[in-house]
Structures are given as structure tokens and as C-alpha cells.
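Summary of the model geometry
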Amino acid sequence: MDGIFIGLFIVAGTVAFFAFCAFAVWADYRKKKDEREAARDERMKALEMGYPPADAEIARVQVDASAVWAAGLIGFLVPLALIGMTGTITIIIVVNRINVDAGFIAGGLTVTGVVSLVAILRSLKVISERRSPRPERPAVPEARRRGSEDLSPAEFREKRPG
């Protein structure tokens, strides 16, 4: 009899867990749908007013950001891995008293230092090249120059519901 109740509690808990997960996914979908609709409305209003779409600029900035992250990780992880491997090999050689020429150890440390330095400098070069300046302010669109009563994108964002 106790086994039946335990089984029912397990089933009820499992159903409640998956119902909660389904509700969370649905709520997230609704929120993202509203955000996409608001962004679409902003883009459409900006296009109506003559402003160029900013999607290409946003995509370029995201690509630059991911390239900077990749270069930073390479500049950090490659030297870290090389130094770790070289240090481990050196410690194994010293602790086990393996008869190795000192030039071999010095050569390994030199190669590690040079490769680490090159990785760091190249990643810093990529990072410095990818740093983009702030985008310039777009020229005043034709509709705004004629004295149109339309709202600017910033005013449109402020006045939208939500």
C-alpha cells in the first residue's frame, strides 16, 4: 500500500515538474515574441522616417565581439597550456632524475616562450584591430528636414506601450 502512494507521489511530482517546465518555456516564448514585435515596429517606423536600418551595424559589432573573444581566449589558453606542459615535463625529468642534456630543457623552454609570446602578440593585434569606433550619427533624413511631425526612433521607443 505504501508503494502505491510513493509511486503516485513520484508520478505527480514528475508531472508537476514537466508542467512547470512547459509553463516556463511558454512564458519565455511570449516575452521574446513581444520583444521581436516591438523591435520590428521600431525598424518599420525608422524606415518610414528615412533612417537606415541598423541591423547590419549590429551584426558587424557582434561579429567583432566574437572575434575579440576568440582571440582573447587563444592568447590566454595557448600560453597557459604550453607553460603547463613544459613545466610538467621539466618536473618529471628532474624528479625522476632522467639523464637529459640541459640544452634539451633550455630548448623546450625557449620554444615555449617564443610560441607563447607570438600567440599573445597576435591575439593582442587582432583585439586592437577589431576595436571599432563608435558609429557616427546618421545624417538627418529627408522627412525630418522637411519639418515632418513624425516621431524620432528614440521618441517612438519612449511612447510605445510596455
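The rules behind the values
Residues numbered from 1 in each chain as written. Predicted model: local features only at pLDDT ≥ 70, side-chain atom pairs only at ≥ 80, totals over all residues. Heavy atoms only, no water. Helix = DSSP H or I, 4+ residues; strand = E, 2+ residues; numbered from the N terminus. Buried < 20%, exposed > 50% of the residue type's maximum accessible area, 1.4 Å probe, protein only. Contact = heavy atoms within 4.5 Å. Expected span 1.5 Å × (residues − 1). pLDDT = per-residue confidence, 0-100. Patch = residues over 30% accessible without salt bridge, like charges linked within 9 Å, V, L, I, M, F, W, Y side chains within 5 Å. Areas by Shrake-Rupley, 256 points an atom, 1.4 Å probe, with all protein chains shown as cover. Salt bridge = Lys/Arg side-chain N within 4 Å of Asp/Glu carboxyl O.

Let us look at the overall build of the chain. The helix and strand inventory of the chain stands at five helices and zero strands. Its helices and strands in sequence order give the chain the pattern α-α-α-α-α, from N to C terminus. Per-residue burial for the chain yields a buried fraction of 11% across its 162 residues. At a minimum sequence separation of 6, the contacts of the chain that also span at least 24 residues come to 77%.

Here helix H3 (residues 102-130) spans 42 Å end to end across 29 residues, near enough to the 42 Å set by a 1.5 Å rise per residue. Listing the buried residues of H3 in full gives Thr 112, Ser 116, Ala 119 and Ser 123.

Attention now moves to the confidence of the model for the chain. A residue-level look at the chain finds 79% of positions with pLDDT of 70 or above and a mean pLDDT of 80. Confidence, read as mean pLDDT per element, is least for helix H4 (residues 142-145) in the chain (53) and greatest for H3 (89).

This part is about the environment of Thr 86. Here Thr 86 shows up in helix H2 (residues 55-95). For the pair Thr 86 and Val 111, spaced 25 residues apart in the sequence, the C-alpha separation amounts to 9.6 Å. In this structure Thr 86 touches Gly 108, Leu 109 and Thr 112, once residues within four positions along its chain are discounted.

A surface patch of nonpolar side chains, about 580 Å² in accessible area, is lined by Trp 69, Leu 73, Phe 76, Leu 77 and Leu 80. Summarising the element assignment, Phe 76 is placed in helix H2.

We now examine the pattern of salt bridges. Applying the stated criterion across every chain, the model contains three salt bridges. Between Lys 32 and Asp 28 there is a salt bridge, with the nearest N and O atoms lying 3.3 Å from each other. Of this pair, Lys 32 and Asp 28 are both found in helix H1 (residues 2-49), four residues apart, which corresponds to roughly one turn of the helix. For Lys 32, a relative accessible area of 42% gives the class partly exposed. Overall, the relative accessible area of 36% leaves Asp 28 in the partly exposed class. The salt bridge partner of Lys 125 is Glu 129, with a shortest N-O separation of 3.9 Å. Placement of the pair is Lys 125 and Glu 129 together in helix H3, with a separation of four residues, close to one helical turn. The exposure class of Lys 125 is partly exposed, given its relative accessible area of 41%.

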